[in-house]
Amino acid sequence: RRAGGDLYPWMPTAFVSDAFRSDRRVAALTMPKLFIHGTNDRVIPVGHTMELYENARSPRQVTLIDGGGHDDGYVAGGAEYLNGVGRWLDATLGPVQVAASRPSAP
């Protein structure tokens, strides 16, 4: 309901169901969580992600992509995006060794 009100402020949201309360659901999750959000998202305000992050139990991590929109964070963020995912994987799975070079094709 809240996201709908932010997206469509002219539309009455009193009749919109609150059936999926992300804020309540994220608080119950015990698995590691990674939140990635673009700072220029025009669909879902970054504040919504920050509230979910604040409501989430640890382990949790947030990566904000400077200049990223709603669906281009991996492009806009480049190394920032990949490093955020890498930090989360390291924290979740432990450091992973990556091969220095690719094996040659048969």
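Rules of the game
Counting of residues starts from 1 at the beginning of each chain's written sequence and follows it residue by residue. Totals for whole chains, interfaces and linings use every residue, but because this is a predicted model, local features are given only for residues with pLDDT of at least 70 and side-chain atom pairs only at 80 or more, for both listing and counting. The side-chain numbers reported here are obtained from all heavy atoms of the structure, hydrogens and water having been left aside. Secondary structure elements follow DSSP: runs of H or I of four or more residues count as helices, runs of E of two or more count as strands, with numbering from the N terminus. Two residues form a contact once any of their heavy atoms are found within 4.5 Å. Accessibility throughout is a Shrake-Rupley quantity obtained with a 1.4 Å probe, and a residue counts as covered only by protein chains that appear here. Centre distance within 6.5 Å is the pairing criterion for rings of Phe, Tyr and Trp, where only the six-membered ring of Trp is used; planes under 30 degrees apart are then read as stacked, over 60 as edge-to-face, and the remainder as tilted. A 1.4 Å probe rolled over the protein chains alone gives each residue an accessible area, and that area as a share of the maximum for its type sets the label: buried under 20%, exposed over 50%, partly exposed in between. Consider the ring centre and the ring normal. A charge sits over the ring if Lys NZ or Arg CZ is within 6 Å of that centre and within 35 degrees of that normal. Any Lys or Arg side-chain nitrogen found within 4 Å of a carboxyl oxygen on Asp or Glu counts as a salt bridge. The span expected for a helix works out to 1.5 Å for each residue beyond the first.

Asker: I'd like a description of the overall build of the chain, backed by residues and values.
Answerer: The number of helices and strands found in the chain is five helices and two strands. Reading the chain from its N end, one meets helices and strands in the order α-α-β-α-β-α-α. Within the chain, contacts between residues separated by at least 24 positions form 60% of all contacts whose residues are at least 6 apart in sequence. Entry remark: accessible area of the chain is about 7800 Å², with carbon and sulfur atoms responsible for 57%.

Asker: Break down the packing of aromatic side chains for me, with residues and values.
Answerer: The geometry of two aromatic rings is summed up by the distance between their centres and the angle between their planes. What the rule picks out here adds up to two aromatic pairs. Ring geometry for Phe35 and Tyr53: centres 6.1 Å apart, planes at 90°, overall edge-to-face. Separated by 18 residues along the polypeptide, Phe35 in strand S1 (residues 33–38) and Tyr53 in helix H3 (residues 46–55) bring together distant segments of the chain. Tyr53 shares its class with Phe35; the two are buried. When the centroid spacing of 6.4 Å and the interplanar angle of 75° are considered together, the rings of Tyr74 and Tyr81 count as edge-to-face. The class for Tyr81 is partly exposed, based on a relative accessible area of 24%. Lying across the ring of Tyr53, Arg60 places its NZ or CZ 4.2 Å from the centre.

Asker: Could you give an account of the pattern of salt bridges, with specific residues and numbers?
Answerer: Enumeration over the complete set of coordinates arrives at one salt bridge. Among the salt bridges present, the one from Asp23 reaches Arg21, with a minimum N-O distance of 2.7 Å. Relative accessible area serves as the criterion here: at 27%, Asp23 is assigned to the partly exposed category. By relative accessible area, Arg21 is classed as partly exposed at 23%.

Asker: Let's hear about helix H5 (residues 79–93): which residues, and what values?
Answerer: With 15 residues, H5 should reach 21 Å at 1.5 Å per residue; the first-to-last C-alpha distance of 20 Å fits that figure. Positive backbone phi, at 95°, marks Gly94, one or two positions downstream of H5.

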